[in-house]
Amino acid sequence: MAHKGDQVSLTSGGDENPNRGNWSNKCDFILSCLGYAVGLGNVWRFPYLAYSNGGGAFLVPYAIMLFFAGMPIFFFEVCLGQYSSQGPISVWRASPMFRGIGFGMVIVSAFVAIYYNVIITYAIYYMFASFTKDLPWERCNHDFNTENCTLKYAECLAQEGKIMLTTTCQNITDLGKTDDELLKLNIFKENDIWNTSQYVDSYAEYRKRPTEEYWKRGVLQESESMNETGGIVWELALCLLLAWILVFLCLAKGVKSSGKVVYFTATFPYAVLLALLIRVTLDGAQDGIDFFIKPVWDDITTPQVWLDAATQIFFSLSAAWGGLVTLSSYNRFHNNGYFDSVFVSLANCATSIFAGFAIFSVLGHVALEQNKPVPEVVDSGFGLAFIVYPEGLSLLPGSTFWAIIFFLMLITLGLDSQFVSIETVVTAICDGCPSYLRKRKTLVTLVVCILGYVLGLVCVTRSGAYWVSLVDSYAPSIGLIVFGLLELVAITWVYGIKRFTNDIRSMLGDSLLYKAPFFLWWQLNWTVITPSLLLFVLLYNWMNWSEPTYNDELYPLWGRVIGWVIIGLTLIFIPLVMIYEFLKASGSVADRWRVMSRPRADWGPQMEANRAQAWQMHEYYNTTMGGKREAPDTSRN
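Rules of the game
As a convention, each chain's residues are numbered from 1 in the sequence order in which they are written. The predicted origin of the model limits local features to residues at a pLDDT of at least 70 and limits the giving and counting of side-chain atom pairs to 80 or more, whereas totals for whole chains, interfaces and linings rest on all residues. Remark: hydrogens and water are excluded; side-chain values derive from all non-hydrogen atoms of the structure. A run of DSSP states H or I qualifies as a helix once it reaches four residues; a run of E qualifies as a strand once it reaches two. Both are numbered from the N-terminal end. As a reference, a globule follows 2.2 Å times the number of residues to the power 0.38, and the radius of gyration itself is taken over C-alpha atoms. Any two residues having at least one pair of non-hydrogen atoms within 4.5 Å are treated as being in contact. Reported accessibility uses the Shrake-Rupley method at a 1.4 Å probe radius. Residues are deemed covered only where the shown protein chains occlude them. Charged residues are defined here as Lys and Arg on the positive side and Asp and Glu on the negative side; His and the ends of the chain fall outside this count. Charged side chains are reduced to one point each, which is NZ for Lys, CZ for Arg, CG for Asp and CD for Glu. Given a helix with a known number of residues, its expected span is that number minus one, times 1.5 Å. Burial here depends on accessible area, computed with a 1.4 Å probe over protein chains only, as a share of the maximum for the residue type. Under 20% is buried, over 50% is exposed, and the range in between is partly exposed. Throughout this description, the term nonpolar core refers to a set of buried Ala, Val, Leu, Ile, Met, Phe, Trp, Tyr and Cys residues connected via side-chain atoms within 4.5 Å. Candidates for patches are residues over 30% relative accessible area with no salt bridge; among them, like charges are joined within 9 Å and nonpolar side chains (Val, Leu, Ile, Met, Phe, Trp, Tyr) within 5 Å. By convention in these notes, a salt bridge is any Lys or Arg side-chain nitrogen within 4 Å of a carboxyl oxygen on Asp or Glu.

A few points about the overall build of the chain
Okay, step 1: When its secondary structure is counted, the chain shows 27 helices and six strands.
Okay, step 2: Compactness check: the chain gives a C-alpha radius of gyration of 28 Å against a globular reference of 26 Å for 637 residues, within 12% of the reference.
Okay, step 3: With respect to the principal axes defined by its C-alpha atoms, the chain has extents near 100 × 50 × 50 Å.
Okay, step 4: Put simply, of all contacts in the chain between residues at least 6 apart along the chain, 80% involve residues at least 24 apart.
Okay, step 5: Surface exposure of the chain reaches about 26000 Å², of which carbon and sulfur atoms provide 62%.
Okay, step 6: Computed over 44 positive and 53 negative side-chain charges, the inter-centroid distance for the chain is 14 Å.

And the structure:
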């Protein structure tokens, strides 16, 4: 029987697979996975979910979902890509009838890449805008500010004898109201001085914070509805161009270049979060942290909390996007994917918790400065990243410095994930015609980036934020859960869990780990527990589905139709490919099923020595590898 130590000889460049290429070293792969998994959602979604679902108590369902859903599917996809050295479409040589899953993953990655780079664009814009003594969202004296800006109201009340009932600052004596009418407004004279300290602003719901007006009117220049496209915001268009140039330059040489860039982009966010956590020892910080971690045990008995935990784990680890299969396909055959998967999964979740402490410490200080309870300043998504947090940064000594590094952190968080989304699309294209396209991968990457920029221009129009939110709400929602469920069913039930286990043995060796009963835990998750959890999430989402909104309003009918078309495009290839494979095969229904479900002849490890080891491992454990004994021509397949 072959052993792990029987390694394949390397090329002069250090690659085990010279036609496809490999990571330069293990650290490149781990940091790329970590950068891919740790994204903007760790900073702007997890803290909000934790606070709204029982605080510290949320960590219980979160940890359970990590071990029974997130970690198993992460390890599963890493093994699948590493064993076959194929991207998310070609990897389905293992069971051709499920190749539509790969098409769906690539389509989702393409949709997400288009709008995700727009979010990076926002961060780039804010970073450049921060290079000034006075941050542009600190005041209400800009052209884009309205009379509803909250600072104008505060400045008015700071003047003795003046009040702002709506949008005009007036002398109280000019209001034309009697003393009794003023008293009903809690305005009265005390020692011949007007006292407005107890006045309750009846117009408060219409006031807008300067950070909100800067975001909506200064940056987005947002139109009133999705129906009003407006023109392109050229400042954003130029930042979007810069974002795509950065992506291309970092991916120009494939994993060889991106694997080096992640040494900075994957580690810099940790340095910033740590610096913020250390720096924010201001008043109120502890209140924010207490609010974040205070357990409310009654909340974890509700199904919605468990659903949120499962969904957050699934999306946070970037499972079923095709990216993990893509990244692991560049591993050497005997790389310890088990360690990598466990480490990255745990590190990702630890990062979410760590980010929660850093974020809520700042929000606690904001709440104290504004004399508001913490829940009133908490938000998620765009609201946290571009409205609430900039306001918190403006309150810190040295606000310009903190703003610059915070938005640089958002840029690096986004770029890591963006690299993998684009690499997934490019790898799928090159794997489709390897003999011609692999040598021209840089050109393929350039074309993909150019198309991404052109298609992304609609997202930097005055209605662009509506489009970003629309694609974000529909593209990765139902599809990813379906992909995760079906890929587990396809491999563990159709391809065979015993065969897949032996695939893993051939890569990692027949060590004590795989002889121990502990490995049954992985098999049990892959075959039963994880699919059941994903099915629960899918059905619960479906039964409780409500149409997404933006600015608390439904999208127009045509926008919702586009959203469902996006969902349809991500899923339609699954039945289409099954129908195609069925019609392409010949014989009876049973014969056709065997042909479309069994591995293709070229399935398996791509290198001759690795293939020989896998073949022997399968023989030893009484399974078949699926493909032929001879290695395929890797320059053509």
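Some points on helix H19 (residues 441–456)
Okay, step 1: End to end, H19 covers 22 Å across 16 residues, agreeing with the expected 22 Å (1.5 Å per residue, within 8%).
Okay, step 2: Close packing links the buried residues of H19 with helix H5 (99–129), helix H9 (234–251), helix H17 (399–432) and helix H18 (434–437).

So, the environment of Met 97
Okay, step 1: If you trace the backbone, Met 97 turns up in the loop between helix H4 (59–84) and H5.
Okay, step 2: Here Met 97 falls in the buried class, since its relative accessible area comes to 4%.
Okay, step 3: Spatially, the C-alpha atoms of Met 97 and Tyr 580 are 8.4 Å apart, while their sequence positions differ by 483 residues.
Okay, step 4: Among all residues touching Met 97, those that are not within four sequence positions of it are Ile 574, Val 577, Met 578, Glu 581, Trp 593, Met 596 and Ser 597.

Comments concerning the nonpolar core
Okay, step 1: Of all hydrophobic cores here, the largest spans 183 residues; its most connected members are Tyr 122, Phe 386, Phe 407 and Leu 410.
Okay, step 2: Leave out the neighbours within four places in its chain, and Leu 410 touches Leu 40, Ala 123, Ala 385 and Phe 386.
Okay, step 3: Met 164, Leu 175, Leu 182 and Tyr 199 belong to the second largest nonpolar core, which has eleven residues in total.

A few points about a nonpolar patch on the surface
Okay, step 1: On the surface, a cluster of nonpolar side chains totalling about 610 Å² of accessible area is made up of Leu 443, Leu 446, Val 447, Ile 450, Leu 451, Val 454 and Leu 455.
Okay, step 2: Counting through the fold element by element, Leu 455 comes out in helix H19.

Quick word on helix H15 (residues 337–369)
Okay, step 1: Taking 1.5 Å as the rise per residue, H15 with 33 residues should run 48 Å; its terminal C-alpha atoms sit 48 Å apart, in good agreement.
Okay, step 2: Positioned one or two residues after H15, Asn 371 has a phi angle of 55°, which is positive.

Some thoughts on unusual backbone geometry
Okay, step 1: Positive phi, close to 65°, is recorded for Asp 192, a residue that is not glycine.
Okay, step 2: Here Asp 192 falls in the exposed class, since its relative accessible area comes to 69%.
Okay, step 3: Positive phi, close to 55°, is recorded for Asn 551, a residue that is not glycine.
Okay, step 4: Along the polypeptide, Asn 551 turns up in the loop between strand E5 (549–550) and strand E6 (553–554).

A closer look at the pattern of salt bridges
Okay, step 1: Within the structure shown, the criterion is met by 16 salt bridges.
Okay, step 2: Arg 629 is the salt-bridge partner of Glu 608, the closest N and O atoms lying 3.0 Å from each other. Of this pair, Glu 608 sits in helix H27 (residues 608–620) while Arg 629 sits in the segment after H27; the two residues are 21 residues apart in sequence, bridging distant segments of the chain.
Okay, step 3: Here Glu 608 falls in the partly exposed class, since its relative accessible area comes to 41%.
Okay, step 4: Classification of Arg 629 by relative accessible area gives partly exposed; the value is 30%.
Okay, step 5: Among the charged side chains, a salt-bridge network with shared partners connects Arg 20, Asp 431 and Arg 438.

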